[in-house]
Amino acid sequence: MNKSVALVSYSFEKGGAAIAARRQYQALARFGGGKVSLVSMREPTSAEALPFKLFNRTIFLFNNFISRALSFLATGNITEKKSINCFSVPFRASKLDKLADIVHIHWIHNETLSLSEIERIQSPVVWTLHDAWLVSAPYHLGQTERLSLVQRYLRFRIRKLLARKQITFISPSRFGARLVEDAYGDLISCNVVANAIDTDIFSPNLGFPADKNPDILRVAVVIGSGDADFNKGFDLLLAALEEIVDYKLEIHLIGSFTSSYHSINHTFINHGFLYKDFERANILKNMHVTAIPSRFEMFCQVACESLSCGTPIAAFSVGGLKEFSDWDTVAGMALPFDSTDFARVLCSTAVTGRNHQVRRTCRAFAIERFSFAAVSAALMGVYATVGSR
């Protein structure tokens with residue numbers, strides 16, 4: 001690749017989109033062959049004067065007030081995570097044009113790059129859609145039957161932007177690509193490039209499973225926001241566990257879980273929030289199954305991490321999660337939001353997780369789809385279609 005690329009994100013550390021952006025940088029740096037840089041919009045530059053920053057912060061607060069006011073008018077609830085992010089905010093597009101031939105946007109909602117500023121970027125723009133914000137305004141919610149006032153206004157602004165500027169879109173799943181193409185029709189054609197996983201860190205335990213106690217099935221549950229996020233479906237998992245009496249489960253919780261959980265039949269072990277990849281990998285590679293009870297997922301990096309460790313997943317057949325069933329043995333899919341069916345799938349998938357051949361298949365699936373080499377090649381294919389300045 002003979003073009004330089006700047007990956008732009010609000011953060012590269014915390015949050016699914018931030019982690020995905022950082023891993024794409026690592027993939028391109030290792031296999032891309034061109035110059036790639038990170039631009040974190042949380043970090044102020046030395047060239048910014050204090051009055052300028054204060055002015056932009058004021059504009060952001062105004063934008064936030066307008067977004068919440070529109071949310072209240074549409075839903076009667078100002079706490080919903082909806083953002084139109086259309087006005088000038090603390091990061092200026094002029095900074096990006098000097099950095100690279102291609103500007104690749106990742107997580108830019110809330111306090112960062114506005115639609116108005118994206119329009120002003122002179123370099124070709126690639127935009128990876130890590131969530132459903134472009135479609136629905138809430139981040140973790142797909143298409144809705146009736147559009148709220150916030151959603152109508154957001155789509156108006158997006159259509160206005162696309163009429164004036166050509167943007168190359170990427171989604172990590174076929175589901176996400178269809179979601180935005182259905183919403184915007186011919187204005188958007190979306191490429192599909194999976195998020196990358198460091199398959200060297202998320203690697204199998206070659207000696208597993210050497211079960212000391214074959215009567216216990218070990219289950220990983222990785223939810224960064226813990227039990228607070230309704231969309232992640234932890235309540236559905238708890239309901240499913242109540243129905244499992246034929247097996248004893250050892251449930252390993254990873255994330256910000258605020259409560260202690262107890263069960264007559266099962267054991268809960270809370271590991272807390274694990275920021276480091278190798279910490280999560282050390283747990284995932286020693287599980288029989290990873291439970292993903294989400295109500296909605298555009299894509300799921302936890303699923304990728306688990307499969308790369310050789311551990312199959314159990315999930316509801318929704319959103320981007322459906323695509324992990326392309327290879328039947330790597331994922332058990334339950335009927336959406338049916339706790340009884342999820343209990344069945346969780347146990348049956350955990351039992352198959354004892355099989356060495358199943359674990360090798362999970363690993364092969366991850367290498368083919370999510371390795372740095374595979375994702376870097378796919379990204380370079382997209383970049384090659386983007387015109388030079």
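See above for the structure.
Read on for a plain summary of the structure. A quick note: this is a predicted structure, and the numbers were derived from the prediction, not measured.

**A look at the pattern of salt bridges**
Thought 1: As enumerated under the stated definition, the model contains 13 salt bridges in all.
Thought 2: A salt bridge links Arg164 to Glu119; the shortest N-O distance between them is 3.1 Å. Residue Arg164 is found in helix 6 (residues 149-164), and its partner Glu119 is found in helix 4 (residues 115-120); the two are separated by 45 residues along the sequence.
Thought 3: Judged by its relative accessible area of 54%, Arg164 is exposed.
Thought 4: Note that Glu368 is salt-bridged to Arg369, the shortest N-O span being 3.6 Å.
Thought 5: Note on Glu368: relative accessible area 47%, which makes it partly exposed.
Thought 6: Assessed through its relative accessible area of 27%, Arg369 is described here as partly exposed.
Thought 7: Each of the salt bridges in this network shares a partner with another, and the network as a whole consists of Glu13, Arg22, Arg23, Asp277, Arg280 and Glu305.

**What to know about helix 1 (residues 16-31)**
Thought 1: Spanning 16 residues, helix 1 covers 22 Å between terminal C-alpha atoms, matching the ideal 22 Å at 1.5 Å per step.
Thought 2: Those residues of helix 1 that sit buried are Ala17, Ala18, Ile19, Ala20, Ala21, Arg22, Arg23, Gln24, Ala27 and Leu28.
Thought 3: On its buried face, helix 1 sits against strand 1 (5-9), strand 2 (36-40), strand 3 (102-105), helix 9 (277-284), helix 10 (301-308) and helix 13 (372-383).

**Digging into the pairing of strand 11 (residues 313-316)**
Thought 1: Burial along strand 11 is two-sided: the residues Ile313 and Ala315 and Ala314 and Phe316 are all buried.
Thought 2: Relative to strand 11, strand 10 (residues 289-292) is paired through three bridges, and the arrangement is parallel. Note on strand 11: the bridge partner recorded for Ala291 is Ala314.
Thought 3: Note that the unit made of strand 10, helix 10 and strand 11 has a crossover that is right-handed.

**Examining unusual backbone geometry**
Most peptide bonds take the trans form, and the phi angle of most residues other than glycine is negative.
Thought 1: At Phe337, a position not held by glycine, the phi torsion is positive, near 65°.
Thought 2: By secondary structure assignment, the location of Phe337 is in the loop between strand 12 (331-334) and helix 11 (339-352).

**Points about the packing of aromatic side chains**
Thought 1: As enumerated under the stated definition, the model contains 13 aromatic pairs in all.
Thought 2: For the ring pair Phe273 and Tyr275, a centre distance of 4.5 Å and an interplane angle of 45° mean the geometry is tilted.
Thought 3: Exposure remark for Tyr275: the relative accessible area of 55% places this residue in the exposed category.
Thought 4: Grouping aromatic residues by their ring pairs yields a cluster made of Phe234, Phe257, Tyr261 and Phe268.
Thought 5: A cation sits over an aromatic face here: Arg155 above Tyr184, 6.0 Å from the ring centre.

**Some points on the sheet that holds strand 5 (residues 167-171)**
Thought 1: In spatial order, the strands read 2-1-3-4-5-6; together these six strands make up an open sheet with parallel pairing. Unpaired on one side and paired on the other, strand 2 and strand 6 (190-192) mark the two borders of the sheet. Geometrically, the sheet is characterised by an average inter-axis angle of 25° between neighbouring strands, direction not taken into account.
Thought 2: Of the pairings in the sheet, the one linking strand 4 (residues 125-128) to strand 5 comprises four bridges and is parallel in character. When the bridges of strand 5 are listed, Thr128 appears paired with Ile170.
Thought 3: Of the strands in this sheet, strand 5 and strand 6 are in contact with helix 7 (residues 174-184), which crosses strand 6 at around 175°.

**Things to note about the packing of helix 8 (residues 234-242) against helix 11**
Thought 1: Across the interface, helix 8 lies against helix 11 with an axial gap of 8 Å and an inter-helix angle of 70°. As far as their axial angle goes, helix 11 and helix 8 are roughly perpendicular. Only Ser339, Phe342, Ala343 and Leu346 of helix 11 make contact with helix 8, whose side of the interface consists of Leu236, Leu237, Ala239, Ala240 and Leu241.
Thought 2: In terms of residue class, the contact of helix 8 with helix 11 is made up of eight nonpolar, one polar and no charged.

**A few points about the sheet that holds strand 12**
Thought 1: The strand order across the open sheet built from six strands is 9-8-7-10-11-12, with neighbouring strands paired in parallel fashion. The two strands at the open ends of the sheet, each matched to only one other strand, are strand 9 (267-270) and strand 12. Here the strands of the sheet are splayed against their neighbours by 25° on average, with no regard to which way each runs.

**Here's the deal with the packing of helix 10 against helix 12 (residues 356-370)**
Thought 1: Viewed as axis vectors pointing N to C, helix 10 and helix 12 meet at an angle of 125°, and their least axial separation amounts to 7 Å. Considering the angle they form, helix 10 stands oblique to helix 12. From helix 10, Cys304, Leu307 and Ser308 reach across to helix 12, where they touch Cys362, Arg363, Phe365, Ala366 and Phe370.

What counts, and where the lines are drawn
- Residues numbered from 1 in each chain as written.
- Predicted model: local features only at pLDDT ≥ 70, side-chain atom pairs only at ≥ 80, totals over all residues.
- Heavy atoms only, no water.
- Salt bridge = Lys/Arg side-chain N within 4 Å of Asp/Glu carboxyl O.
- Helix = DSSP H or I, 4+ residues; strand = E, 2+ residues; numbered from the N terminus.
- Buried < 20%, exposed > 50% of the residue type's maximum accessible area, 1.4 Å probe, protein only.
- Expected span 1.5 Å × (residues − 1).
- Contact = heavy atoms within 4.5 Å.
- Pairing = 2+ DSSP bridges.
- Right-handed = clockwise from strand over helix to strand, strands pointing away.
- Phe/Tyr/Trp six-rings, centres within 6.5 Å; stacked < 30°, edge-to-face > 60°.
- Lys NZ or Arg CZ within 6 Å of the ring centre and 35° of its normal.
- Axes fitted to C-alpha atoms, helices over the stretch in contact; angles between N-to-C directions.
- Parallel < 35°, antiparallel > 145°, perpendicular 65-115°, else oblique.
- Nonpolar A, V, L, I, M, F, W, Y, C, P; charged D, E, K, R; others polar.

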